[in-house]
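If you want the building blocks of each chain, they are given just below.
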Amino acid sequence: MTSAFDTVLTEAVDLLRTLPRRRDAVPEARRAVAEWRATRPATRAQLVADVRPGSPIVDYDLVLAHPDGGSVALTAPADDGVPWTLDHSTHWASGRVVTVDGFALLIQNALLTLRARTERDSTIQDELIDYCILSDMAGRERPPTQEELQQASDAYRVRNGLRSRADMMRWLADVGLNETAYTHHIFGLALKQRVRARIEQETARDYLERNPSEFDHVWALWAEGPEDRLAELAGAPDPAAALIQALSSRGRITVTTADGPALDLPEPMRTVPAGAVTGPVPHGKGHLLGVVRERRPADLADPRTLAAAGRAGFAQYMAERRAKAAVTWHWL
């Protein structure tokens, strides 16, 4: 004999299978469950949304109160070619690395982020927090256009040296991903690039007006190494000439030259006037001695200067967001 709860289960499964599965439609799904719950108040039905990493696709669980006590959880994922055992092989929280302002970063996305990272000043933790912040913002965007998807995919492949389909397939096998997972990753990446471009455009002019000297064109050279060796160079009659001579020497110091925006210089040198010597001062894991040979005021009308100001404005924006974010590390 069919019980009343059997009927409830049948209705619940049918409801799950008809819920919209795009991330931006989760509120609509919650309203549909709330309306059904109103007709079945004894179920105390609760909808749990599982947002796939780097994907617009959402899976749902529907938790129901059993008439004899306890709860029953139902899930009805659509057949998208990914085996159920892969999607649901672990506890919902076991793959989390960090949660930032309620956005959870899963280990799959963390590994992709770390694999694509380049040598920058930011720490790994900052990069993961930035990923969460941008992903949360991207989740509120409309779906990317085909052009945005193509641009994101092309840039990602070039950055990782994937210049042919054979290269791509080998790379996917190496990192343990399938083409569906890659497509989901590019979908999210395209949205994050859109968000970043908008923030750069919104912050560029203001940052440039507040920090014009950072975009002066400079010719500079500097050395990094032990304080005692740098002090010897600083004490020379012409520290700049001593640094130039040190370029061809092999020793305990590293000498670098630059001809470009002041923002690209090590932080202790960015506001140093032409002809001035700075250091030795603590920098990184050692000390720094620098000389600015020439300095020309920035051309504030140059599109390249404005683009550089946008990148700096974006970095400042993200630093401010990190400082205000509620961060919980699940791996500590």
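Above this note sits the structure.
Residues numbered from 1 in each chain as written. Predicted model: local features only at pLDDT ≥ 70, side-chain atom pairs only at ≥ 80, totals over all residues. Heavy atoms only, no water.

1. What about helix H10 (residues 239-246)?
Here comes step 1: Of the positions making up H10, those classed as buried are Pro239, Ala240, Ala242, Leu243 and Ala246. Angularly, the buried residues of H10 cover 160° about the axis, an arc narrow enough to put them on a single face.
Here comes step 2: Its buried side turned inward, H10 meets strand E6 (217-225), helix H9 (227-234), strand E7 (254-261), strand E8 (277-283) and strand E9 (286-296). (Buried < 20%, exposed > 50% of the residue type's maximum accessible area, 1.4 Å probe, protein only. Helix = DSSP H or I, 4+ residues; strand = E, 2+ residues; numbered from the N terminus. Arc of directions from axis to C-beta. Contact = heavy atoms within 4.5 Å.)

2. Some remarks on the sheet that holds strand E4 (residues 96-100)
Here comes step 1: Strand order in the open sheet formed by three strands is E5-E4-E10, and the pairing between neighbours is antiparallel. Of all the strands in the sheet, just strand E5 (103-106) and strand E10 (327-329) have a single pairing partner and so form its edges. Strand-to-strand, the axes of this sheet are offset by a mean angle of 20°, without reference to chain direction.
Here comes step 2: Two elements, E4 and E5, share four bridges in a ladder whose sense is antiparallel. Across the sheet, Thr99 pairs through a bridge with Ala104, a residue of E5.
Here comes step 3: The strands touched by helix H5 (residues 124-138) are E4, E5 and E10; relative to E5, the strand with the most contacts, the crossing angle is about 125°. (Pairing = 2+ DSSP bridges. Axes fitted to C-alpha atoms, helices over the stretch in contact; angles between N-to-C directions.)

3. A word on unusual backbone geometry
Here comes step 1: Following Gly279, the chain continues into Pro280 via a peptide bond in cis, with omega recorded as 0°.
Here comes step 2: Summarising the element assignment, Pro280 is placed in strand E8.
Here comes step 3: Despite not being glycine, Arg44 shows a phi value in the positive range, around 45°.
Here comes step 4: You can see Arg44 is positioned in the loop between helix H2 (26-39) and strand E1 (46-51).

4. Some remarks on the pattern of salt bridges
Here comes step 1: Counting across every chain of the model gives 16 salt bridges.
Here comes step 2: Ionic pairing is found between Glu148 and Arg194, a salt bridge with its closest N-O pair at 2.6 Å. Here Glu148 is found in helix H6 (residues 146-159), whereas its partner Arg194 is found in helix H8 (residues 179-210), with 46 residues between them in sequence. Both residues of the pair, Glu148 and Arg194, belong to the buried class.
Here comes step 3: Of the charged contacts in the structure, one is a salt bridge between Glu200 and Arg196, with a shortest N-O distance of 2.7 Å. (Salt bridge = Lys/Arg side-chain N within 4 Å of Asp/Glu carboxyl O.)

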